[in-house]
Amino acid sequence: MGNAVTAKKGTIGNKTFAVSGDTLEEIQDSLFANQLKGSTDAVGDCKTGISTPKITNFIEKESKKPKKKGTTEITITAKPGKKVELTGTITLPALKSDKKLSAKGKAEWKRFYGALKSHEDDHVAEVWKLTQTIADELSALEGKGVGKDKDAALKAAKADYKKQYAKAFSDSAIMARVTKAHATVDSKGNTFTLDVNKQ
């Protein structure tokens, strides 16, 4: 049986910023002059967001053997249908022209661009893994309640669920996890430094 809450990979948009130069050194200067402020990688960027659904419809399971006599115990979990969605935008440099570069220079720009694109794709992949994890966690989340009757127990279970949800899946909690996911990718280092000596 699949998860009640599933992960969805939404739109991953693409943007560019212009760079130019007749040599790799000039292109590197252009990269630094036009670098993206506040970006993940200065010469490239990956912005991602995870949209976490509000859970308001539940599967209710009443215990046949409540721990305390004369009470009702209910456990609730999310009903199927909700989705945790990943969206994002990758921004990469666009070289206006490589006509004046040597064959080695063209090859180095191609290598650099490919390595940078791969790195930004890795950012998306890491946050996609997080999106799937959050869907798993929401599917497994249980609210438990005890009351004198079913209505009271259900009310308590929903309050318990809401409390857990607010702690683990608030916007700030999700953003902190997204930031950590990006840091995981960056901690592995990079291979997208432009080698200006390959002229």
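Details of the structure are given in the entry above.
Residues numbered from 1 in each chain as written. Predicted model: local features only at pLDDT ≥ 70, side-chain atom pairs only at ≥ 80, totals over all residues. Heavy atoms only, no water.

Asks: Would you take a moment to explain the sheet that holds strand S1 (residues 6-19) for this structure?
Replies: Two strands in a sheet stick together by hydrogen bonds in their backbones, pointing the same way (parallel) or opposite ways (antiparallel). Strand order in the open sheet formed by three strands is S1-S5-S2, with mixed pairing between adjacent strands. The open sheet terminates on both sides in strands that have one partner only, identified here as S1 and strand S2 (45-51). Geometrically, the sheet is characterised by an average inter-axis angle of 15° between neighbouring strands, direction not taken into account. The sheet contact formed by S2 and strand S5 (residues 83-95) spans seven bridges and is antiparallel. The residue bridging aspartate 45 from the neighbouring strand is threonine 91, located in S5. (Pairing = 2+ DSSP bridges. Helix = DSSP H or I, 4+ residues; strand = E, 2+ residues; numbered from the N terminus. Axes fitted to C-alpha atoms, helices over the stretch in contact; angles between N-to-C directions.)

Asks: Just to check I follow, could you spell out helix H4 (residues 171-186) for this structure?
Replies: Structurally, the α-helix is built with 3.6 residues per turn, so residues lying three or four positions apart point the same way. With 16 residues, H4 should reach 22 Å at 1.5 Å per residue; the first-to-last C-alpha distance of 23 Å fits that figure. All of the buried residues along H4 are Ala173, Ile174, Val178, Ala181, His182 and Val185. On its buried side, H4 packs onto S2, helix H2 (103-140) and helix H3 (150-168). (Expected span 1.5 Å × (residues − 1). Buried < 20%, exposed > 50% of the residue type's maximum accessible area, 1.4 Å probe, protein only. Contact = heavy atoms within 4.5 Å.)

Asks: What should I look at first to understand the environment of lysine 110 in this one?
Replies: Considering the arrangement of structural elements, one finds lysine 110 in helix H2. Between the alpha carbons of lysine 110 and asparagine 190 there is a distance of 16 Å; along the sequence they are 80 residues apart.

Asks: What is the right way to look at the nonpolar core in this model?
Replies: It is characteristic of soluble globular proteins that their nonpolar side chains tend to be buried jointly. Grouped together as the largest cluster of nonpolar side chains are 44 residues, with contacts concentrated most on Leu31, Leu138 and Tyr161. Counting residues per element, the ones that place at least two in this core are S1, helix H1 (24-33), S2, strand S4 (72-78), S5, H2, H3 and H4. Ranked by the residues each element gives to this core, the list is headed by H2, at eleven residues. Leaving out residues up to four positions away in the same chain, tyrosine 161 has contacts with Ile55, Phe58, Ile76, Ala78, Leu138, Leu141, Glu142 and Gly143. (Core = buried A, V, L, I, M, F, W, Y, C linked by side-chain atoms within 4.5 Å.)

Asks: What exactly am I supposed to notice about the packing of aromatic side chains here?
Replies: When we look at a pair of aromatic rings, we describe it by the centre distance and by the angle of the planes. Scanning the model with the defined rule gives four aromatic pairs in all. Between tyrosine 165 and phenylalanine 169, the aromatic rings sit 5.5 Å apart at their centres with planes inclined by 45°, giving tilted as the arrangement. Taken individually, tyrosine 165 and phenylalanine 169 each receive the classification buried, so the pair is uniform in this respect. Site record: aromatic cluster; members linked through ring pairs are Trp109, Phe112 and Tyr113. (Phe/Tyr/Trp six-rings, centres within 6.5 Å; stacked < 30°, edge-to-face > 60°.)

Asks: Mind showing me how you'd approach the sheet that holds strand S6 (residues 143-147) here?
Replies: Spatial strand order, S3-S4-S6: three strands in an open sheet with antiparallel pairing. Strands with a single pairing partner mark the edges of an open sheet, and in this sheet they are strand S3 (58-62) and S6. When strand polarity is set aside, the average angle formed by the axes of neighbouring strands in this sheet is 25°. Bridge count between S3 and S4: five bridges; the pairing is antiparallel. Across the sheet, the residue bridging to isoleucine 59 is threonine 77, located in S4. Across the sheet, H3 touches S3, S4 and S6, and the angle it forms with S6 is around 150°.

Asks: How should I be thinking about the pattern of salt bridges in this particular structure?
Replies: A side chain with one charge may pair with a side chain of the opposite charge, provided their charged atoms come close. Evaluation of the coordinates by the stated rule reveals eight salt bridges. For glutamate 108, the salt bridge is made with arginine 111, and the minimal N-O distance between the two is 2.9 Å. Note that glutamate 108 and arginine 111 are positioned in helix H2 at a spacing of three residues, about one turn of the helix. A relative accessible area of 2% places glutamate 108 in the buried class. Its salt-bridge partner being arginine 177, residue glutamate 137 comes within 2.9 Å of it at the nearest N-O pair. Remark: arginine 177 occurs in helix H4 and glutamate 137 occurs in helix H2; sequence separation between them is 40 residues. With a relative accessible area of 29%, glutamate 137 lands in the partly exposed category. (Salt bridge = Lys/Arg side-chain N within 4 Å of Asp/Glu carboxyl O.)

Asks: What exactly am I supposed to notice about the side chain of threonine 75 here?
Replies: Assignment of secondary structure puts threonine 75 in strand S4. Among the residues examined, threonine 75 registers a relative accessible area of 18% and is labelled buried. At 3.5 Å, the side chain of threonine 75 and the side chain of lysine 144 are in polar contact. Apart from residues no more than four positions distant in its own chain, threonine 75 is found in contact with Ile59, Glu60, Lys61, Glu142, Gly143 and Lys144. (Polar contact = N/O pair within 3.5 Å; in protein donor to acceptor, adjacent residues only side chain to side chain.)

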